[in-house]
Amino acid sequence: MRDLQTRADELARDVVAMRDRLKQQPDLPRGVRGALPGTVDDALAQAARWIGSAAEKLARVRAAQGPGTCTAWWGICPRCGPTLQAEDGRSWCHACGAGWGYDRSQGPCGEPATYLAMDAQGGTVVVCAAHGRHMQERLDGGLLLAIPTSS
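Notes on the structure follow.

Right, let's talk about the overall build of the chain for a bit. Secondary structure assignment for the chain yields four helices and six strands. From first element to last, N terminus to C terminus, the chain shows the α and β order α-α-α-β-β-β-β-β-α-β. At 24 Å, the chain has a C-alpha radius of gyration far larger than the 15 Å of a compact globule built from 151 residues. Its C-alpha atoms give the chain principal-axis dimensions of roughly 80 × 30 × 30 Å. Looking at the 151 residues of the chain, the share that counts as buried comes to 26%. Of the roughly 9800 Å² of accessible surface on the chain, 54% is carried by carbon and sulfur atoms. In the chain, 17 positive and 16 negative side-chain charges are present, and the distance between their average locations comes to 4 Å.

Quick look at the structure:
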């Protein structure tokens, strides 16, 4: 994705350069000189930003899926629990004020796993302390087991 972002940025710069060269050709008809409006390179630059944003999200997902991380696919404040709010690609906890420069409510948690949660049907998932505290109140017939840590 980063390569694709770089190529989109380069294409936007190439469009600007070509537009400037066309404008400097007085012998060309006006329709040809103005054939590349500024909206073309603006759209390409915006596409590059969107691709970059997608690449950041993908990198965050991959990092959060490492061994020993919480596998819950909904964000949570590590201190307060399910108290997140998100707007314009950023999130924050409305209880403690902690903030993140990305939308933590959308995607995998990625905090260190500290519990194994098992539902009444035997399904299991490893979760962080905050997700474990939140799940403990909701595991009707299930178990929440602390994962031993090596000291």
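Moving on from the coordinates now.
Turning our attention to the environment of Arg19. Here Arg19 lies in helix 1 (residues 2–23). Take Arg19: its relative accessible area is 11%, and that puts it in the buried class. Each C-alpha atom of the pair Arg19 and Ala86 lies 40 Å from the other, and the pair is 67 residues apart in sequence. Not counting residues within four places of it along the chain, the set of residues in contact with Arg19 comprises Leu36, Pro37, Gly38 and Asp41.

Below, the discussion takes up unusual backbone geometry. Phi at Asp88 takes a positive value of approximately 55 degrees, unusual for a residue other than glycine. Here Asp88 is to be found in the loop between strand 1 (84–87) and strand 2 (90–93).

Once that is clear, we can look at the sheet that holds strand 3 (residues 99–100). An order of 1-2-3 is seen for the three strands of this open sheet, with the pairing classed as antiparallel. Edge positions in the open sheet fall to strand 1 and strand 3, since each of these has one partner strand only. Two elements, strand 2 and strand 3, share two bridges in a ladder whose sense is antiparallel. In the strand pairing of strand 3, Trp92 is matched with Gly99.

Right, let's get into the state of the cysteines. Formally, a disulfide is one covalent bond, and it connects the sulfur atom of one cysteine to the sulfur atom of another. Tallying each qualifying case throughout the model produces zero disulfides. For the unlinked cysteine Cys109, the closest cysteine sulfur is that of Cys128, found at 3.8 Å.

Cut-offs and rules
- Sequence positions are assigned chain by chain, starting from 1 and proceeding in written order.
- The predicted nature of this model means local features are confined to residues of pLDDT at least 70 and side-chain atom pairs, given and counted, to a pLDDT of 80 or more, with totals for whole chains, interfaces and linings taken over all residues.
- The basis for every side-chain value is the complete set of heavy atoms in the structure, and neither hydrogens nor water enter the calculation.
- The helix and strand labels rest on DSSP assignments: H or I over at least four residues marks a helix, E over at least two residues marks a strand, and numbering proceeds from the N terminus.
- C-alpha atoms define the radius of gyration in this analysis, and the globule rule sets the expected value at 2.2 Å times the number of residues to the power 0.38.
- Burial classes follow relative accessibility: with a 1.4 Å probe on protein chains only, a residue under 20% of its type's maximum area counts as buried, one over 50% as exposed, and anything between as partly exposed.
- Each accessible area value is a Shrake-Rupley result obtained with a 1.4 Å probe; residue values ignore everything except the protein chains displayed when judging cover.
- Asp and Glu are treated as the negative residues and Lys and Arg as the positive ones, with His and the ends of the chain left uncounted.
- Working definition for charges: the position is that of NZ of Lys, CZ of Arg, CG of Asp or CD of Glu.
- The contact criterion used throughout is that any non-hydrogen atoms of two residues lie within 4.5 Å.
- Strand pairing requires that DSSP identify at least two bridges connecting the strands.
- Pairs of cysteine sulfur atoms within 2.5 Å are identified as disulfides in what follows.

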